Amino acid sequence: MKFQHFSACVALLLSLLAAVQASPVYDAARGLFEQHHFREAEVALRAVIAAEPANAAACHTLARAIYGRLQLEKAGKEDSEAAAKDMAQWIARATELEPTNAAYLRDFGMSQITGVTSIKKGRKILEQALALDPKDPDTHEFLAMLYGAPWVLGGDKDKAAEHRKALQELDPTRAALSEMNRLLWIAKDFPAAISLAETQLQKEPESAASLFVYGSIAATTKTNLERGLASLKKALTLPRPVPTSNSAYGQPFPVNPSNIWEKVGEIEGQLGHTEASRAAFTTAVELDPANYWAAKALEKPKA
């Protein structure tokens, strides 16, 4: 009888958890998040959690909505710091509710990295998350970044390369975008970046992501400008790749029309096409008013 009673309790608990995660109210709030209505999603998700405090998915999605809002609104330092603490709180809550959920544990690890001294702690938690889900692209990308730090901060070039290789196997598009950023802004290895652009375009000449990579590298390195411009304009005519990150700390997916038009404006300016450059930047801002760099370019007086 005791065993039957225990089994009945377990079955009831599982059914309650399933009902919480399958909440229609949560689904509606999640829909707002997926449509990038982050502020509205944040309000809706807080209401969901108030009514369903055991909804781990709502806690995690709320953290992602807060991050999305910050990216769109370009919050100041104080607001950003307060939001970061709020994010960390909800990620910790999601992890507490579902401690073996690899995605929640991964983001909990990232939330622990608040300074140089906490990198080791965050990386250890990320390794635990990877053990739960060895095929998660986000975890490999974060570990590649953390192991790419200087050796005094626990960096390990070989381990960083291992995680970059794993990311390439799991998600080639993400890997190409991540490698582009690493080469351009961290390693500052322009020859390697130009080589990446050529290789990527040879592999996938009809991919909007590959064309964006080529055009972005051309704009930053100021090389192959005509081909870079043609690549970006072609990217605008092709289907956009679907973002694959489900992390609260994932970078905004860059292959979108606003970012492509921003890069078009950059190259047009480098080619001396002033009017075409301003027109491209204007289009970028019209598509996404939060496009900081395009808006910044438009602040410059006309030549």
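What this report covers is the structure whose coordinates are included nearby.

Close contact between helix α15 (residues 274-287) and helix α16 (residues 292-299) brings their axes to 8 Å; oriented N to C, the two are set at 135°. In terms of orientation, α15 lies oblique with respect to α16. Between α15 and α16 the crossing geometry is left-handed. Along its contact with α15, which presents R278, F281, T282, A284 and V285, the element α16 presents A294, A295, A297 and L298. Its residues assigned to classes, the contact of α15 with α16 shows seven nonpolar, one polar and one charged.

Within this structure, the stated rule accounts for two aromatic pairs. Ring geometry for Y292 and W293: centres 4.9 Å apart, planes at 85°, overall edge-to-face. Looking at Y292, the relative accessible area reads 41%, which means it is partly exposed. The class for W293 is exposed, based on a relative accessible area of 58%.

Three- or four-residue spacings in an α-helix give side chains the same orientation, since the helix completes a turn every 3.6 residues. Relative to the 20 Å expected for 14 residues at 1.5 Å per residue, helix α7 (residues 119-132) spans 20 Å between its end C-alpha atoms, a close match to the ideal helical length. Within the sequence span of α7, burial applies to I119, G122, R123, I125, L126, A129 and L130. The arc enclosing the buried residues of α7, seen along the axis, measures out at 160°, which places them on a common side. Along α7, the residues that are exposed and aim more than 90 degrees away from the buried face are K120, K124 and A131. Buried residues in α7 make contact with α6 (102-111), α8 (137-147) and α9 (157-170).

With that settled, the discussion passes to the pattern of salt bridges. Inspection of the entire model under this criterion finds 17 salt bridges. Close ionic contact of R46 with D86 constitutes a salt bridge, the shortest N to O distance being 2.5 Å. Taken together, the positions of R46 in helix α3 (residues 38-51) and D86 in helix α5 (residues 77-97) put the pair 40 residues apart, joining distant regions of the chain. In this structure R46 comes out as partly exposed when scored by relative accessible area, which is 31%. Here R182 and E179 are joined by a salt bridge, their closest N and O atoms 2.8 Å apart. On the criterion of helical spacing, the pair formed by R182 and E179 is a turn pair, its members being three residues apart in helix α10 (residues 172-186). According to the relative accessible area criterion, R182 is partly exposed, its value standing at 26%.

What counts and what doesn't
Residues numbered from 1 in each chain as written. Predicted model: local features only at pLDDT ≥ 70, side-chain atom pairs only at ≥ 80, totals over all residues. Heavy atoms only, no water. Axes fitted to C-alpha atoms, helices over the stretch in contact; angles between N-to-C directions. Helix = DSSP H or I, 4+ residues; strand = E, 2+ residues; numbered from the N terminus. Parallel < 35°, antiparallel > 145°, perpendicular 65-115°, else oblique. Left-handed = near helix turned anticlockwise from the far one by under 90°. Contact = heavy atoms within 4.5 Å. Nonpolar A, V, L, I, M, F, W, Y, C, P; charged D, E, K, R; others polar. Phe/Tyr/Trp six-rings, centres within 6.5 Å; stacked < 30°, edge-to-face > 60°. Buried < 20%, exposed > 50% of the residue type's maximum accessible area, 1.4 Å probe, protein only. Expected span 1.5 Å × (residues − 1). Arc of directions from axis to C-beta. Salt bridge = Lys/Arg side-chain N within 4 Å of Asp/Glu carboxyl O.

Read these as geometric descriptors, not functional statements.
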